Amino acid sequence: MSVTELYSRYTRVWIPDPEEVWKAAEIIKDFKEGDTVLHLKLEDESTLEYSIGPKDNALPFLRNPDILVGENDLTALSYLHEPAVLHNLKVRFLESNHIYTYCGIVLVAINPYEQLQIYGEEVINAYSGQNMGDMDPHIFAVAEEAYKQMARDEKNQSIIVSGESGAGKTVSAKYAMRFFATVGGSANDTSVEEKVLASSPIMEAIGNAKTTRNDNSSRFGKYIQIGFDRIYHIIGANMRTYLLEKSRVVFQAEEERNYHIFYQLCASSSLPEFKDLTLTSAEDFTYTSLGENIFIEGVNDAEDLVKTREALTMLGVKEIHQVSIFKVIASILHLGNVGIVSERDGESCHINRDDTHLHHFCRLLGIEQEQMEHWLCRRKLVTTAETYVKNVSYAQAVNARDALAKHIYAHLFDWIVEHINKALHTSTKQHSFIGVLDIYGFETFEINSFEQFCINYANEKLQQQFNSHVFKLEQEEYMKEKIPWTLIDFYDNQPCIDLIEAKLGILDLLDEECKVPKGTDQNWAQKLYSQHSKSGHFEKPRMSNKSFIVVHFADKVEYQCDGFLEKNRDTVYEEQINILKASQFQLVADLFHDGKDAGPPSATSKTSKINVRAAKPVPKGHNREHRKTVGTQFRNSLHLLMETLNATTPHYVRCIKPNDFKESFVFDSRRAVQQLRACGVLETIRISAAGYPSRWTYPDFFSRYRVLMTKKDMTIGDKKQVCKNLLETLIKDPDKFQFGKTKIFFRAGQVAYLEKLRADKFRFACINIQKTVRGWLQRVRYRKIRKSAITLQRYGRGYLARRYAEMLRLTRAALICQKQYRMVRVRREYLRTRRAVITIQAFARGMFIRRLYQEFLLHHKAMIIQKTVRGWLVRKKYLRARYAAIVIQCFYRRVRAKRQLKQLKIEARSAEHFKNLSVGMENKIVQLQKKMDNKSKEYKTQNEQLVVTNTTLESEVTKLQKEVETLRSRQTPGTKVTSLQEELEKLRAELQEANAQRKQIEEEFSNEKQGLQQRVEELEKENTLLKKEKEEMNRRIQTSNQGVDVSQKEIRLQVELDEERQRYQNLVKEFSRLEQRYENLQEDMSSMKFHPGHRRNPSNQSSLGSDSNYPSINMSEVGDTDDTIQQVEEMGIEKAAMDLSVFMKLQKRVRELEQERKRLQTSLEEVEELSKQKGNEPKSSTSEDDINADLAYNSLKRQELETENKKLKNDLNELRKAVADKASDNNSSNELQEGYNLLLNQLKAANEELDVRKEEVLMLKTQIVNSTRQSENINHIDSNDGSELTNNKKPVDSEDAVDAPDLKKLLEAQLQTQSRQHKDELEALHTQIELLKDNLEKKQEMLDHFSTLSPEALVEFSVQQEITRLTNENLDLKELVEKLEKNEKKLKKQLRIYMKKVQELEVSHATKSRPELTRQVTVQRKEKDFEGMLEYYKEDEPLLVKSLITDMKPNAVSATVPCLPAYILFMCIRHADYINDDQKVHSLLTSNINAIKKVLKRNNDDFEMTSFWLANASRLLHCLKQYSGDEAFMTQNTAKQNEHCLKNFDLAEYRQVLSDLSIQIYQQLVRVAEGMMQPMIVSAMLESESIPSLAGVKPMGYRNRSSSLDCESGGPVGYTLQALIKQLGQFYTTMADHGLDPEIIQQVFRQLFYSINAVTLNNLLLRKDVCSWSTGMQLRYNISQLEEWLRGKNLHQSGAVATMEPVIQAAQLLQVKKKTSQDAEAICSLCTALSLQQIVKILNLYTPLNEFEERVTVSFIRDIQNRLQDRIENNQLLVDTKYTFPVLFPYTPSALSLETVHIPASLSLDFLTRV
């Protein structure tokens, strides 16, 4: 493309300007080859003739099209040059308030000097996991890119943050570290990320200071390595620092300050812990008052010191060390105020003896004041022959004092950094790291010294690394796309680096001059001139011999040589350092001691007296080590840094300072250009422009420039070939573009040329359209004019004709009007007279009629009174007769009821006796057997433990005795005593240590217990508050006025109810979190314990109990603790249902800990006693004899009980046979009664036999004990032959001896039982007396009331009282009858069961078949009277839970009734309730809840499983409500369902537990669904083209490059809207198939649509590329598709559409006009769901896709802000994606009857029996 085509009329260009650097202009005349002048028009409409030529100016830079202005990436600009970059940054910063912009691989960050709300946690979550080019530029995007590349490529990363002082480097590095701490938080509770962030306030306090450019300027460079493990969690960090500005300690320029820590200490000097520092205001100290301004606006130094101390504590710096640090810092301030007085000769000086600051300095450092006073004014000189002391002048003394202050502070700084690294160090192996380099940028001032030279040297090295990395990435992109490329020429600053660091370079010559004894800065400058005068990067100033110029990559810098040698030497007198090394404070001595100078001083102290020369080598070696130059140290550390950076993948952040006045959003173009040149941004642009900076994918290019194609090209199917044909046609030079594999590469300016062609094509098309439309409009206008003229003529002629006709009509009308008027006048007079006569007649007739009506009315009233009185008299008479009849009937019925009651009581006594006998006998036998088994096991285990302990102790004793004998033989008596004493002391120390550990564990347990109790109390308070709020709300609802609008009241109540439900569900979530935390703490405590011997820990307990995160109501625990019951009564049922489990677990835990403590104490005492009694063998033998006697006694007792049990079983079998024989006859009714009587007789006989057996057992007990003890005594006393006389006499004596205590125990037990019975009877009598007293009081009140009543009222009252009494008695009798009927039915049913079992036994004996077949036959019989219950044995409960919950798959019951497991579980619960087994109910419900929990935990990301168990849990909850017997839940039940209600237990507490479980399952379901939808939302809602060819395409620059995407997987997967709708449909189908309630499904989709809204809106607010009109159109269409899907699924009433209102309004905002004030008013009324910040953000991000669309002006945005500034709203920019609506589980009863439920055989539930 020729120059003439580019520089044609209307082309816009950039021309230089001295004030604004670059100014915009427009060409008004075509430029031709050879022209020397370019005619331009400026923006202020003035013209300019811009001279062009080889001696004048080159052709100006071309401007980019408006469509490219404000791009996120500077490399997306078509023309890449300095004015384009500057203008793009300025537009983004001032108009859109965007402080971040990409420039290739560099993030340019402009300091806004204002706190922006773009760094919150929601922004971190939004950028986490996103590709770098998908979102707007941000420091979080760079951090996410580094984190992602570290995880994907397994390579270390670095983020290099650079810039001038005040540009925001420290803040950017801090935000990057905050991102890593949030995204890569530590896996355990070590809080490493908090420690990493805590290092920032410490380093800012000791390393930052106020300068003229920045209030918080970092005066050192630092490189922080954040370490990650294999799962990329932070495990530690390490910090390296570079070139601390030590000179700031002793000197500050005007309006500058020293380091912050000095002012923080002075501001806090009044605190009691700092009184010892003797500090005052910072104005009183020389080192802090040189800048003449000790304050910073908006900064509180005292508060900052509190934060610094908190950070030091968090990093593990002890309080003692903190005090020592503050003492050292305070001593530096006192050192600066030490007064040095010059002597008269000027060659010496001294310090006053009474100098308080010197005293405080020495006191705080713990050094000798006289020595420091001496060496501050003198120095030691060591020569070859001798060593002597020399006085120094005043200036030298002041310099030495300042050098000492700098040296102390530098060492303290290094010590703090070292301890921070120790605190951040971890023993875990580091897998990878991300380094954050916060280092100074290129600096140039009027006077540049050694510090600026080192800073610029470091920037030269970093720029070299940056250039090579950019070049490397550029070439990698070309190679990947397989396009031919040539070596790009880029600026290589290696010659400048060689000038500084090479051999005989500037640093080398500086070190050499420092070694010369009398080296000066001037001599060094002369050496530089002579050595480097021929270098291209070195220049000598014309007017100075004490400075030199280095040509850096950014600019020429002139350095003043004065002070270079002194700063490079960093000289400190050795004598002063030795005084500090001898400090009495360890910290001060450690600051100046290193490992190498520990040995030599001792050698020199011994040899110095003999030979003076012996001191020569040691000081030299020491001084050489000490005097290592600063330049050498900095060069070495810089080389180490470059090695680290070269081994990592770098990411660059360049911070720009927009102005020098720290004003918010003010852009100084000249300052910005200086920094852009210095930080390498323009070099990146130059490298990019040298190659192919513009890159387009083939589909994007086709979509954008298809308007330039012909119809023939459009018919070709291969888009790649079409693009090639088009480019070859449009751009003749083949070097201007290249075709890659996936992209087209363009030279700079080619995209602008294509845009120009596209705009010309559009402009030509617009002109044709305008021409056609204008011609059509003119023709239409002519036709309208002609038609109008003809119409006017026609109307004019008609008007004249109508005027003549009108005159004729008026003449005739006048005559008619006269005639009519006269007639009307006469007629009116007549009508008036007639009306008056009629009125008089009407009034007269009305008066007569009213009088007659009054008479009739009086007669009618009298008749009504008579009728009422007569009726009242008759009714009164009738009521008296009726009351009398009722009284007679009541008396008669009472007599009959008493008789019937008496008969029922007789029957009840007999039935109850039968029940007690039948149930109690079997239970007692089972209990006795279990007790015997447990006792025998305990005795065996105890015996074995005692034997083991005895053997071990004996072996230890023998071993110790042998050791003692060997020691006695080997050692002398003295050594023996000492060894024994040492051993004794050692044992005592171990014992004390064990006691201390035990006390520590007890304290930890008590602290944990107190913390948990406090948390429980807080939860209780919250619950009481909620309950009060609920009651208050109910009271308000009841007392609210009826005149209030119903709709508003319902909305308000609904909002309050949702808030209350949200608070409750948050409490449930908090409760589960605390419970999990408690279990974790419990596990940690159990792992910390050490117990001798075996102890049953929670892992040995039942899995159903230990794994429970749900509150399980243990009836035994509730019954055992009176305080628990009392608390439940105080709290109420509703609150206790939620908090009782926590309280019970805490109580149980306290009891366990107390028992454990006692057990440990007893075990310890036992061990001590055994160790003391290890020689006492007879006692142990007697204890063994007692144990053997008890075992013998228990065995005999067990045998006796077994024989008794067999006998009882035989009697029971005979009884069953007798009943079966009687039941076989035909007369079933009589025989049934006879069988019943026979059964009663048999049971009575069995009971009597049992009493007899009990007495026999007691007698046998005494005999067995006597016999066993007799045999033991005989064996123990006489081991040889025993006489028969002794054998015969001993049992008698032993019997007498043993009988007495046994009988005593027996009598005591009997007396205790009798006393309990008497107490119970006494309490019953007391209650009866109280009841009688209450009755007497009531009767007395009734008598008093009777005395005040009239006779008639007394009769009525007595009748009413009698009626109520009889009614109550009737109700009581009915209840009694119902209970008796129930008992009778139960007994009859048990009798039938016994008879059937007897018949089954007979059949089994006859046919010899297996019991399974018999069971099947009985099941078939019971199907006839199936009551909807399922019976199972207690031992089958784990199998039930495993089959029905643990191993259950949703597809296994897909073809059956929905929620079948819930129905089966409830039917099992019904049977447990039916047999009145509370333990079974408790165990079943607890195990089911825990099993459901385990399944959900195992399948925490399975939507189908979560939906399945949400449906079943909610259905089980509904069943517990439906069949609870509560009338509120029984309104929709059938008669059969009412019969199936629970009879014995109130499971309201379990309903609450199931409700909480359902809430947690619902939250898990929503979380899983949101996780599955999360990757789809952005792509489906914002990126996919639902309306084809609607979205335009813009150039993207370097973003979305290969390093930002996962190349192996081919980049992120693109989802369409149909894929999202399909996923939603799968969710709906799954939940509907599982039988989930429709109301819950609606709430689920309401939450999911809220998530879609939040994610979509957040991405819209953070992406400039999607804020356009076409995206708004796509978004509106996508939302309409979602709304249509909701209507198709009948979910439109769920409120899901309302949650999408913000994104709907955002889409409308993108489409409406944005020009006039009327548009602003419309936007304000339209966007009610969007906040002001969100509206302004969208308007700032709005980007036109072509040049025909205008941008949103700044004035329009300001107008919107002014209109909406009074709106009350939150200032949050992004929507909270973690917000969840409170869920409500409405009660939906089931129409399914339980007896119709069919259990498929595939479930393997054969052990369940239908009842």
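Residues numbered from 1 in each chain as written. Predicted model: local features only at pLDDT ≥ 70, side-chain atom pairs only at ≥ 80, totals over all residues. Heavy atoms only, no water.

**Q** I keep staring at the overall build of the protein chain and nothing clicks. Help me out?
**A** When you go through the protein chain residue by residue, the secondary structure sums to 54 helices and 26 strands. For the protein chain, contacts bridging at least 24 residues in sequence account for 74% of all contacts bridging at least 6. Only carbon and sulfur atoms are counted for the fraction: they give 53% of the accessible area of the protein chain, which is about 101,000 Å². (Helix = DSSP H or I, 4+ residues; strand = E, 2+ residues; numbered from the N terminus. Contact = heavy atoms within 4.5 Å. Areas by Shrake-Rupley, 256 points an atom, 1.4 Å probe, with all protein chains shown as cover.)

**Q** Help me out: how do you make sense of a nonpolar patch on the surface in this one?
**A** On the surface, Ile-769, Val-773, Trp-776 and Leu-777 cluster together to form a nonpolar patch covering roughly 400 Å² of accessible area. The residue Val-773 is located in helix 29 (residues 750-970) in this model. (Patch = residues over 30% accessible without salt bridge, like charges linked within 9 Å, V, L, I, M, F, W, Y side chains within 5 Å. Salt bridge = Lys/Arg side-chain N within 4 Å of Asp/Glu carboxyl O.)

**Q** Sorry if this is basic, but what is going on with the environment of Phe-553 here?
**A** Summarising the element assignment, Phe-553 is placed in the loop between strand 19 (547-551) and strand 20 (556-560). Note: C-alpha distance between Phe-553 and Gly-680 (127 residues apart in sequence) is 8.7 Å.

**Q** Hey, could you run me through unusual backbone geometry in this one?
**A** Note: most residues except glycine have negative phi, and most peptide bonds are trans. Phi is positive for Tyr-113, close to 55°, though the residue is something other than glycine. Checked against the element boundaries, Tyr-113 lands in the loop between strand 7 (106-110) and helix 3 (121-127).

**Q** Please clarify how the environment of Leu-1745 should be interpreted in this entry.
**A** Secondary-structure assignment places Leu-1745 in the loop between helix 53 (1732-1741) and helix 54 (1754-1763). Distance in space between the C-alpha atoms of Leu-1745 and Ser-1670 is 8.4 Å, their sequence separation being 75 residues.

**Q** I tried to follow the sheet that holds strand 12 (residues 234-242) on my own but got confused; where do I start?
**A** Working definition: the strands of a sheet are paired by backbone hydrogen bonds and lie parallel or antiparallel to each other. If you trace the seven strands from one edge of the open sheet to the other, you get 6-7-21-8-17-11-12, paired in mixed fashion. Pairing within the sheet leaves two strands with one partner each, and these edge strands are strand 6 (100-103) and strand 12. Adjacent strand axes in the sheet meet at a mean angle of 20° when their direction is disregarded. Of the strand pairs in this sheet, strand 11 (residues 221-228) and strand 12 are connected by eight bridges, and their pairing is antiparallel. Bridge pairing in strand 12 places Ile-224 opposite Met-239. Against the sheet, helix 14 (residues 450-481) touches strand 7, strand 8 (157-163), strand 17 (432-440) and strand 21 (649-656), its axis set at about 125° to strand 21. (Pairing = 2+ DSSP bridges. Axes fitted to C-alpha atoms, helices over the stretch in contact; angles between N-to-C directions.)

**Q** Where do I start with the pattern of salt bridges in this structure?
**A** Between side chains of opposite charge, pairing is possible as soon as their charged atoms come close. Tallied over the entire structure, the rule returns 36 salt bridges. The partner of Glu-245 in a salt bridge is Arg-248, with the nearest N and O atoms 3.3 Å apart. Among the residues examined, Glu-245 registers a relative accessible area of 17% and is labelled buried. When its relative accessible area of 4% is taken as the criterion, Arg-248 is described as buried. Of the charged contacts, one joins Arg-353 and Glu-373 as a salt bridge, the two residues approaching to 3.7 Å between their closest N and O atoms. Separated by 20 residues along the polypeptide, Arg-353 in the loop between strand 14 (349-351) and helix 11 (356-365) and Glu-373 in helix 12 (residues 369-376) bring together distant segments of the chain. By relative accessible area, which is 11% here, Glu-373 ends up buried. Here the salt bridges do not stand alone but share partners, grouping Glu-164, Lys-657, Asp-660 and Arg-671 into one network. (Buried < 20%, exposed > 50% of the residue type's maximum accessible area, 1.4 Å probe, protein only.)

**Q** Help me understand the nonpolar core, please; the structure alone is not making it clear to me.
**A** Looking at soluble globular proteins, one finds that nonpolar side chains tend to be buried together. Core analysis: the largest hydrophobic core is formed by 322 residues, its most contacted members being Phe-180, Phe-548 and Met-1581. In terms of residues, this core owes the most to one element, helix 46 (residues 1548-1583), which gives 18 residues. Sequence-distant contacts of Phe-180, that is, excluding residues within four places in its chain, are made with Ala-143, Ala-146, Tyr-147, Ile-159, Gly-185, Ile-226, Phe-228, Ile-234, Ile-434 and Val-436. Residues Leu-708, Ile-744, Leu-754 and Leu-757 belong to the second largest nonpolar core, which totals 20 residues. (Core = buried A, V, L, I, M, F, W, Y, C linked by side-chain atoms within 4.5 Å.)

**Q** Just checking my understanding: could you explain the sheet that holds strand 22 (residues 694-697) for this structure?
**A** Read across the sheet, three strands follow the order 22-24-23 without closing on themselves; strand pairing throughout is antiparallel. Strands at the two margins of the open sheet, each flanked by one partner only, are strand 22 and strand 23 (737-739). Strand-to-strand twist of the sheet, defined as the mean angle between neighbouring strand axes without regard to direction, takes the value 20°. Packed on one face of the sheet, helix 26 (residues 698-705) meets strand 22, strand 23 and strand 24 (743-746) and runs near 90° to strand 22.

**Q** Even after reading the chapter, I still don't get the pairing of strand 11, so can you show me in this structure?
**A** By the criterion of burial, strand 11 is predominantly enclosed, with eight of the eight residues buried. With burial as the criterion, each face of strand 11 is covered, one bearing Gly-221, Tyr-223, Gln-225 and Gly-227 and the other bearing Lys-222, Ile-224, Ile-226 and Phe-228. Between strand 11 and strand 12, which pair antiparallel in sequence order, lie five residues; one of them, Tyr-232, sits at a positive phi of approximately 60°. Direction of pairing for strand 11 relative to strand 17: antiparallel, over a ladder of seven bridges. Residue pairing in the sheet places Ile-226 in a bridge with Ile-434 of strand 17.

**Q** How do you make sense of a negative patch on the surface when you look at a structure like this?
**A** On the surface, Glu-1330, Asp-1334, Glu-1337, Glu-1341 and Asp-1344 cluster together into a negatively charged patch. Tracing the chain through its elements places Asp-1344 in helix 38 (residues 1284-1348). (Lys, Arg positive; Asp, Glu negative; His and termini not counted. Charge placed at Lys NZ, Arg CZ, Asp CG, Glu CD.)

**Q** Is there a simple way to think about the confidence of the model for the protein chain in this case?
**A** Regions with low pLDDT should not have their predicted coordinates read in detail. Confidence in the prediction for the protein chain averages 78 pLDDT; 77% of positions are at 70 or higher. Residue range residues 1274-1300 is modelled with pLDDT below 50. Its contacts to residues more than four positions away, or to other chains, number 15 contacts. (pLDDT = per-residue confidence, 0-100.)

**Q** How do you make sense of the packing of aromatic side chains when you look at a structure like this?
**A** One pair of aromatic rings is described through two measures. These are the centre distance and the angle between the planes. Overall, the coordinates contain 39 aromatic pairs when judged by the stated rule. One aromatic cluster is present, formed by Phe-450, Phe-453, Trp-524, Tyr-529, Phe-538, Phe-548, Tyr-559 and Phe-564 through successive ring pairs. The ring of Tyr-529 is capped by Lys-540, whose NZ or CZ atom sits 5.2 Å from the centre of that ring. In this structure, Arg-654 packs its charged tip against the face of Phe-466, placed 4.9 Å from the ring centre. (Phe/Tyr/Trp six-rings, centres within 6.5 Å; stacked < 30°, edge-to-face > 60°. Lys NZ or Arg CZ within 6 Å of the ring centre and 35° of its normal.)

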